[in-house]
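# Coordinate analysis (summary)
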Amino acid sequence: MSAPTPAGPAPQGPGLQPPSFGRPSPALIARADRGYARFLAVQAPDADTGDHDQDDDVAGAR
């Protein structure tokens, strides 16, 4: 005693979301991957800190 199954796809009315709603696009995933790889990349420390090192300022004042 169930309702008959419609022959065609159900029309999308206002308020119904498409099946891919909420899934990130491939372009968004690629952008996130690039950002995450950049975040994980090991950065080499600067060889010369210049005149901006706070420890040098404190030692010079003593």
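A few points on the structure. (Residues numbered from 1 in each chain as written. Predicted model: local features only at pLDDT ≥ 70, side-chain atom pairs only at ≥ 80, totals over all residues. Heavy atoms only, no water.)

### Overview of the overall build of the protein
- When helices and strands are counted, the protein shows 2 helices and 0 strands.
- A total accessible area of about 6,400 Å² is found for the protein, and carbon and sulfur atoms account for 58% of it. (Helix = DSSP H or I, 4+ residues; strand = E, 2+ residues; numbered from the N terminus. Areas by Shrake-Rupley, 256 points an atom, 1.4 Å probe, with all protein chains shown as cover.)

### Here's the deal with the packing of aromatic side chains
- Enumeration according to the criterion identifies 1 aromatic pair in this entry.
- Seen in terms of ring centroids, Y36 and F39 are 6.3 Å apart; in terms of plane orientation they differ by 20 degrees. Their pairing is stacked. Of the two residues, Y36 and F39 both sit in helix α1 (residues 26-40), 3 residues apart, roughly one turn of that helix. You'll find Y36 and F39 in the same group, each marked exposed. (Phe/Tyr/Trp six-rings, centres within 6.5 Å; stacked < 30°, edge-to-face > 60°. Buried < 20%, exposed > 50% of the residue type's maximum accessible area, 1.4 Å probe, protein only.)

### Focus on α1
- Under the 1.5 Å per step criterion, the end-to-end length of α1 is 21 Å for 15 residues, consistent within 8% with the ideal 21 Å.
- In terms of burial, α1 is a largely surface element, 0 of the 15 residues being buried. (Expected span 1.5 Å × (residues − 1).)

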